[in-house]
Amino acid sequence: MFQKYHLSRRDLKNFFRCSFYRITNKLQYPKRIIPRNFYKAKIDIQGLLNSQALFVTRRLDISFDKAFNKHGNELFMREDALDKDDIPNMSMNLMGGKFKDKDVLYSPFGEGSKNWIPGTKIYLDNFLDKYKVLANYTLIYFMVSEIHNITVPYSRPKDRDSEKLAKALANATYPPKSLADSFEFNGRALVLHAPTNLNYWHTEYVIMGNDDRVPKNRSSWREELCKSLINNLLVVNGVNKLDIPITPIAPQWYKN
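Predicted model only: the values in this text are computed from it and were never measured.

## A closer look at the packing of aromatic side chains
Scanning all chains against the criterion turns up 13 aromatic pairs. Three or more aromatic residues link up through ring pairs in this structure, and these residues are Phe 38, Tyr 39, Trp 116, Tyr 200, Trp 201 and Tyr 254. The side chain of Lys 158 reaches across the aromatic face of Phe 183, ending 4.9 Å from its centre.

As structure tokens, this is what we get:
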């Protein structure tokens, strides 16, 4: 009973503090996108994609004309709109749930952007100074089916690590190819749900090499892989607006 009373007091404290800050315009963050303690740990993106069309959006902190080029009446995403350092693990937002286009102007950082621990109750009054409100940004949209679960060939120079990996994958369905001074592997590009403390609808664009994520480092093969992914997959599928309506995500996909 004491625990319930304690939690109730905490809920009330959060409510009154947040109400006061909203009235005084010191709090603007959208409560609807915050994880609830009865939400699922992760949304099954592949399962959801099998049942409906899905979209993600990426906020670009650049002007519109630096993100898109116009040819006639058509707009095309520029190759330099995304940087290779944005990938892998590029942040995006899943559309169709509680997240709205206008929510991209809120940019969590620090504790606000850390991974949400499933079952944890988030009190917004603990994060009042853990987000920024942006003035300028450009939105880009991707149809998940066009960029998710895509085979990504990539090369790694022959060294101790790549030879060890090639040996381990020798009997795989698609074994690596041994070239003169490198191995050609097959990875996968995936959209994975990655809820944070201030955004349950946060996703990441992950590159899987073998069974592990391709690391975010400065190795030359990783940089070449990311540039290829941007130019051959993301740029050709990125659009500035959606021509078809977004299908709402049913609660059973994200509520326990």
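Still more ground to cover, so stick around.
## As for the side chain of Asn 93
Within the element layout of this structure, Asn 93 appears in strand β4 (residues 90-94). A polar side-chain atom of Asn 93 sits 2.8 Å from a polar atom in the side chain of Asn 199. Contacts of Asn 93, omitting those with residues within four sequence positions, involve Phe 55, Val 56, Thr 57, Phe 99, Val 104, Asn 199, Trp 201, His 202 and Thr 203.

## What to know about the pattern of salt bridges
Going through the model one piece at a time under the given rule, you end up with eight salt bridges. The partner of Arg 59 in a salt bridge is Asp 61, with the nearest N and O atoms 3.0 Å apart. The partner of Asp 80 in a salt bridge is Arg 78, and the shortest N-O contact between them spans 2.8 Å. For Asp 80, a relative accessible area of 49% puts it in the partly exposed group. Looking at Arg 78, the relative accessible area reads 23%, which means it is partly exposed.

## Some details on a positive patch on the surface
On the surface, Lys 31, Arg 36, Lys 98, Lys 100, Lys 102 and Lys 255 cluster together to form a positively charged patch. Turning to its location among the elements, Arg 36 is positioned in the loop between α1 (2-23) and α2 (45-49). The exposure class of Arg 36 is partly exposed, given its relative accessible area of 43%.

## Considerations on the nonpolar core
The biggest cluster of nonpolar side chains holds 62 residues, and the ones touching the most others in it are Ile 147, Trp 201, Tyr 205 and Leu 234. Top contributing element to this core by residue count: helix α6 (residues 220-237), with eight residues. Look past the residues within four positions of Ile 147 in its chain and what remains in contact with it is Val 56, Met 92, Phe 142, Ala 189, Val 191, Tyr 205, Leu 233, Leu 234 and Asn 237.

## Side note on the confidence of the model for the protein chain
Residue-level pLDDT values for the protein chain average 88, and 91% of them are 70 or greater. Every residue in residues 1-5 scores below 50 in pLDDT, and together they form zero contacts with partners more than four places removed in sequence or on other chains.

## Brief notes about the pairing of strand β11 (residues 202-209)
Within β11, eight of the eight residues are buried, leaving the element largely enclosed by the surrounding structure. By the bridge criterion, four bridges tie β4 to β11 in an arrangement that is antiparallel. The residue of β11 that forms the bridge with Met 90 is Tyr 205. Inspection of the sheet shows strand β10 (residues 182-193) paired to β11 by seven bridges, in the antiparallel sense. Note on β11: the bridge partner recorded for Gly 187 is Gly 209.

## Some details on the environment of Gly 209
Along the chain, Gly 209 falls in strand β11. Accessibility expressed as a relative area gives 11% for Gly 209, which makes it buried. The spacing of Gly 209 and Pro 153 is 56 residues in sequence and 9.4 Å in space, taken between C-alpha atoms. Ignoring sequence-local partners within four residues, the contact set of Gly 209 consists of Tyr 154, Gly 187 and Val 214.

## Looking at unusual backbone geometry
Residue Pro 88 is reached from Ile 87 by a cis peptide bond, and omega for that bond is 5°. Looking at the element boundaries, Pro 88 is found in the loop between β3 (74-77) and β4. In this model, Asn 89 sits at a positive phi of 65°, which is unusual for a non-glycine residue. For Asn 89, the position within the fold is in the loop between β3 and β4. Overall, Asn 89 belongs to the partly exposed group, its relative accessible area being 23%. Although it is not a glycine, Asn 149 adopts a positive phi angle of roughly 60°. Residue position: Asn 149 is located in the loop between α4 (144-147) and β8 (150-157). The exposure class assigned to Asn 149 is partly exposed, which follows from its relative accessible area of 37%.

## Description of the pairing of strand β2 (residues 68-71)
Across four bridges, the pairing between β2 and β3 is antiparallel. Pairing of Asn 69 across the sheet is with Phe 76, part of β3. A loop of two residues connects β2 with β3, the two strands running antiparallel in sequence, and Gly 72 in this loop sits at a positive phi of about 65°.

Rules of the game
- Residues numbered from 1 in each chain as written.
- Predicted model: local features only at pLDDT ≥ 70, side-chain atom pairs only at ≥ 80, totals over all residues.
- Heavy atoms only, no water.
- Phe/Tyr/Trp six-rings, centres within 6.5 Å; stacked < 30°, edge-to-face > 60°.
- Lys NZ or Arg CZ within 6 Å of the ring centre and 35° of its normal.
- Helix = DSSP H or I, 4+ residues; strand = E, 2+ residues; numbered from the N terminus.
- Polar contact = N/O pair within 3.5 Å; in protein donor to acceptor, adjacent residues only side chain to side chain.
- Contact = heavy atoms within 4.5 Å.
- Salt bridge = Lys/Arg side-chain N within 4 Å of Asp/Glu carboxyl O.
- Buried < 20%, exposed > 50% of the residue type's maximum accessible area, 1.4 Å probe, protein only.
- Patch = residues over 30% accessible without salt bridge, like charges linked within 9 Å, V, L, I, M, F, W, Y side chains within 5 Å.
- Areas by Shrake-Rupley, 256 points an atom, 1.4 Å probe, with all protein chains shown as cover.
- Lys, Arg positive; Asp, Glu negative; His and termini not counted.
- Charge placed at Lys NZ, Arg CZ, Asp CG, Glu CD.
- Core = buried A, V, L, I, M, F, W, Y, C linked by side-chain atoms within 4.5 Å.
- pLDDT = per-residue confidence, 0-100.
- Pairing = 2+ DSSP bridges.

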